[in-house]
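Each chain, letter by letter, is given below.
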Amino acid sequence: ALRRGGPGDGYPAVKRILVTGSNGQIGAELVPYLRERYGAENVLATARRRVPGPVSEGGPFEILEVRDGRAFSGLMGSFGVDAVIHLAGVLSARAEADPQGSWDVNAGGCFAALECARERGAAFFFPSSIAAFGPSTPPDGTPQVTIQRPTTIYGVAKVTGELLCDYYHLKYGLDTRGLRFPGLISYEAPPGGGTTDYAVHIYYEAVSQGRYTSYIAPGTFMDMMYMPDALEAVVRLMEAEPSKLVHRNAYNVSAMSFEPGQVAASIRKRIPSFEIDYAVDPVRQAIAASWPRSLDCSAARAEWGFAPKYDLDAMTTDMLEKIQKRGPTAGSGLHF
Ligand code: SER
C-alpha cells in the first residue's frame, strides 16, 4: 500500500497520505514519522482541533470531523489522497461513559472513512486493539483467529472496524490493512481514557512524585508495546508485499505482557525508592480482566516481518530518560 520509491510490485507508489486523529497518542508521533519517511508535503494531518506543534505546523494540516463524510471526501479529492490512516477514536474507559456517542465516533467514523477511501480506491489502515477480544477468548497465547465477543462498546466497535475492513477488501478490492494494538506506551502525547493508560502514567509519576497509585490491580497482565515499535509496525505492514498478507486486517501485535508490579520493579532498577500502591477502579479493572493476557503474534512475524525491539527494561530506561529531560511538569493533565 505504501511505497517510498518507484513501482516495485505493480502496486502504485503511494504519494499522498491522510491521517485522522492526528493529535492523539499515536497520531502525534506517527504524523512526524510518516512525514520524515515520505516527505512532509505528502502527509495531510487532520484532527478536530488545531493544536500548536509539529502536527499542525510541520506539514499540511486541516480540521476534520471524521463523521462529516462530505468534508472528508472533499479533502480526499483536493489533496489527492491515496492512503488513509484512520486513527480517530474514543478509548475504552471513556467510551463506557458514553456508549452511544463513542459508537458514533468509533464505528460511524470508521465507516465514513472507509467510504471515502472506496471513492478514491485509497489504501486504508485501521488500528484495532486487544479490546477486540473478550472474556470468552483464550487469554494466554491468544491466537490470531479466535473467539471475539468483547464486552465493551469500544471493543464492539473495533470488531466492527475489523469486519468492515475485511468486507471492503472482499467487496471492493480496497487495500485495507490493520493491527490489533496492545497498550501503547509513549511520552509525546498522553493517551486519554484508555484502560492501559496506567502503564504511561506510572512513568510520569515515578519522575514527578517517586510513587504511583495504580487503578489496575496487581497481577493483571495485559499486552503492551513501546511507541517506536508501533510506528515501525504500521509502516512495515503498509509497505508489505500484498501477496504475503494472508490475514491482511487486524494482525495481533505485542512486544511484552506485564502486570503493574513488574513495571514498578523495572522502574525501581533506575529509581530504587519508587513505590507503588493500589486504588483499583472497578470499571477499568473489569475491562482489563476481559482482555487477553498475552497475544500470539506469529502471523504478523511470518507475513510481514513484525519485529519489536523494546522489552520492558529497555522501554523503562528510555521513558524515564525522556520524561526527566522534559522536566517534572510534563504529563500533568494525564489523568482520566
Ligand atoms: N489502549 C487502549 C485502551 O486502553 C486499548 O486499545 O483503551
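Check the entry above for the structure.
This is a predicted model, so every value here is computed, not measured.

Participant: For this particular structure, what's the right way to read unusual backbone geometry?
Facilitator: Peptide bonds are trans in most cases, and residues, glycine excluded, mostly fall at negative phi. Within the chain, Arg-248 stands out as a residue other than glycine whose phi angle is a positive 60 degrees. The residue Arg-248 is located in the loop between helix H8 (227–239) and strand E11 (251–252) in this model. Although it is not a glycine, Ala-250 adopts a positive phi angle of roughly 60 degrees. Note that Ala-250 resides in the loop between H8 and E11. On the basis of relative accessible area, Ala-250 is assigned to the buried category, the value being 4%.

Participant: So what exactly am I meant to see when it comes to the site of the ligand here?
Facilitator: If you check the shell around the ligand, you find Leu-91, Ser-92, Ser-129, Tyr-154, Gly-194, Thr-195, Thr-196 and Trp-291 and nothing else. Within the side chain of Thr-196, a nitrogen or oxygen atom sits 2.7 Å from a nitrogen atom of the ligand. Bound to the protein, the ligand loses 92% of the 230 Å² it would expose on its own. For the shell around the ligand, the per-class residue count stands at three nonpolar, five polar and no charged.

Participant: Mind showing me how you'd approach the side chain of Asp-318 here?
Facilitator: The residue Asp-318 is located in helix H12 (residues 312–326) in this model. Asp-318 has contacts with Tyr-187, Tyr-226 and Tyr-310, leaving out every residue within four places of it along the chain.

Participant: How should the sheet that holds strand E4 (residues 83–86) be read in this particular structure?
Facilitator: By definition, the strands of a sheet pair up through backbone hydrogen bonds, in either a parallel or an antiparallel sense. Strand order in this open sheet of seven strands is E3-E2-E1-E4-E5-E7-E11, and the pairing throughout is parallel. With partners counted over all chains shown, the strands left at the sheet margins are strand E3 (61–63) and E11, one partner each. Relative to strand E5 (residues 123–129), E4 runs parallel, the two sharing three bridges. Counterpart to Val-84 in the pairing with E5 is Phe-124. Its contacts with the sheet place helix H1 (residues 27–38) against strand E1 (17–20), strand E2 (43–47) and E4, and it is angled at close to 165 degrees to E2. Contacts between helix H3 (residues 69–79) and the sheet are confined to E1, E2, E3 and E4, with E1 contributing the most and set at about 155 degrees to the helix.

Participant: Explanation requested: the state of the cysteines in the structure shown.
Facilitator: Working definition of a disulfide: a covalent bond connecting the sulfur atoms of two cysteines. Tallying each qualifying case throughout the model produces zero disulfides. The closest cysteine sulfur to the non-disulfide-bonded Cys-110 is located on Cys-165, 5.0 Å from its own sulfur.

Participant: Honestly, the nonpolar core in this entry has me stumped. Any pointers?
Facilitator: Note that soluble globular proteins tend to have their nonpolar side chains buried in a common cluster. The biggest cluster of nonpolar side chains holds 80 residues, and the ones touching the most others in it are Leu-179, Phe-181, Ile-185, Tyr-198, Tyr-203, Phe-258 and Trp-304. Sequence-distant contacts of Tyr-198, that is, excluding residues within four places in its chain, are made with Tyr-212, Ser-214, Tyr-215, Ile-216, Met-222, Met-224, Phe-258, Glu-259, Pro-260 and Val-263.

Participant: Teacher, can you tell me more about the packing of H1 against H8 here?
Facilitator: Each pair of packed helices gets described by two things: the angle between the helix axes and the distance between those axes. At their nearest, the axes of H1 and H8 sit 10 Å apart, and the two run at 50 degrees to each other. Taken together, the axes of H1 and H8 are oblique relative to one another. As H1 packs across H8, the resulting crossing turns out to be right-handed. On the side of H1, the interface is formed by Glu-29, Leu-30, Tyr-33, Leu-34, Arg-37 and Tyr-38, while H8 contributes Met-227, Leu-231, Glu-232, Val-234, Val-235 and Glu-239. Tallied by class, residues from the contact of H1 with H8 come to eight nonpolar, no polar and four charged.

Participant: Sorry, what's going on with the sheet that holds strand E8 (residues 183–185) here?
Facilitator: With mixed pairing, the three strands of this open sheet are ordered in space as E8-E10-E12. Strand pairing shows two members of the sheet lacking a second neighbour, E8 and strand E12 (256–258), which therefore form its edges. Averaged over all pairs of adjacent strands, the angle between strand axes in this sheet comes to 40 degrees, irrespective of strand direction. With three bridges joining them, E8 and strand E10 (residues 222–226) adopt parallel strand pairing. Within E10, the position partnered with Gly-183 by the bridge is Met-224. Running over the sheet, H8 touches E8 and E10 and is turned about 80 degrees from E10.

Procedures and definitions
Residues numbered from 1 in each chain as written. Predicted model: local features only at pLDDT ≥ 70, side-chain atom pairs only at ≥ 80, totals over all residues. Heavy atoms only, no water. Helix = DSSP H or I, 4+ residues; strand = E, 2+ residues; numbered from the N terminus. Buried < 20%, exposed > 50% of the residue type's maximum accessible area, 1.4 Å probe, protein only. Near = heavy atom within 4 Å. Polar contact = N/O pair within 3.5 Å; in protein donor to acceptor, adjacent residues only side chain to side chain. Areas by Shrake-Rupley, 256 points an atom, 1.4 Å probe, with all protein chains shown as cover. Nonpolar A, V, L, I, M, F, W, Y, C, P; charged D, E, K, R; others polar. Contact = heavy atoms within 4.5 Å. Pairing = 2+ DSSP bridges. Axes fitted to C-alpha atoms, helices over the stretch in contact; angles between N-to-C directions. Disulfide = S-S within 2.5 Å. Core = buried A, V, L, I, M, F, W, Y, C linked by side-chain atoms within 4.5 Å. Parallel < 35°, antiparallel > 145°, perpendicular 65-115°, else oblique. Left-handed = near helix turned anticlockwise from the far one by under 90°.

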